[in-house]
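# Residue-level structural notes
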Amino acid sequence: MTAENTSPAAKAPADNLDALSYEEAREQLMAVVGRLEAGGASLEESLALWERGEALAKRCEEWLEGARRRLAAARSKGEDSPTAG
């Protein structure tokens, strides 16, 4: 089996994930899930899609965790500042 049997989406390099916005990563993840659910892919392509999906899910989680940290920081900053009035 060779990597030539996989689709371009399935073998996209993981290093370009850092450039994806949350929305882009989520959209790509949904497309990967759709392809896997549709079936018909070879075992090699299915594995590549699964790996890509795992990487995209991780990227989405990183975005969400970053958003949680920013919200927590904003909340704590708001609680620490004196009330105007």
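Shown above is the structure to which this text applies.
Residues numbered from 1 in each chain as written. Predicted model: local features only at pLDDT ≥ 70, side-chain atom pairs only at ≥ 80, totals over all residues. Heavy atoms only, no water.

## Focus on the overall build of the protein chain
For the protein chain, the count of helices and strands is two helices and zero strands. Per-residue burial over the protein chain gives 19% buried out of 85 residues. Restricting to contacts in the protein chain with at least 6 residues of sequence separation, those with at least 24 account for 77%. In the structure as shown, the protein chain presents an accessible area of about 6400 Å², 56% of it carried by carbon and sulfur atoms. (Helix = DSSP H or I, 4+ residues; strand = E, 2+ residues; numbered from the N terminus. Buried < 20%, exposed > 50% of the residue type's maximum accessible area, 1.4 Å probe, protein only. Contact = heavy atoms within 4.5 Å. Areas by Shrake-Rupley, 256 points an atom, 1.4 Å probe, with all protein chains shown as cover.)

## A closer look at the environment of Glu27
Note on placement: Glu27 falls in helix H1 (residues 22-38). Here the alpha-carbon distance between Glu27 and Leu56, two residues 29 residues apart in the chain, equals 9.4 Å.

## Digging into the environment of Gln28
Within the element layout of this structure, Gln28 appears in helix H1. Exposure remark for Gln28: the relative accessible area of 29% places this residue in the partly exposed category. Separated by 25 residues in the primary sequence, Gln28 and Gly53 place their C-alpha atoms 8.1 Å from one another. Apart from the residues within four sequence positions on either side, Gln28 is in contact with Leu20, Arg52 and Leu56.

## Digging into the packing of H1 against helix H2 (residues 43-80)
Across the interface, H1 lies against H2 with an axial gap of 9 Å and an inter-helix angle of 150 degrees. In terms of orientation, H1 and H2 fall into the roughly antiparallel class. For the element pair H1 and H2, the recorded crossing hand is left-handed. Residues Tyr22, Ala25, Arg26, Gln28, Leu29, Val32, Arg35 and Leu36 of H1 form the contact with H2, whose participating residues are Glu45, Ser46, Leu49, Trp50, Arg52, Gly53, Leu56, Ala57, Arg59, Cys60, Trp63 and Leu64. A per-class count over the contact of H1 with H2 returns 12 nonpolar, three polar and five charged. (Axes fitted to C-alpha atoms, helices over the stretch in contact; angles between N-to-C directions. Parallel < 35°, antiparallel > 145°, perpendicular 65-115°, else oblique. Left-handed = near helix turned anticlockwise from the far one by under 90°. Nonpolar A, V, L, I, M, F, W, Y, C, P; charged D, E, K, R; others polar.)

## Re the pattern of salt bridges
In total, this model carries four salt bridges according to the counting rule given. The closest approach of N and O atoms between Arg59 and Glu62, which form a salt bridge, is 3.2 Å. You can see Arg59 and its partner Glu62 sitting in helix H2, three residues apart, about one turn around the helix. Using a relative accessible area of 14% as the deciding quantity, one classes Arg59 as buried. Arg68 serves as the salt-bridge partner of Glu61, at 3.1 Å between the closest nitrogen and oxygen. Within this structure, Glu61, Glu65 and Arg68 form a network of salt bridges that share partners. (Salt bridge = Lys/Arg side-chain N within 4 Å of Asp/Glu carboxyl O.)

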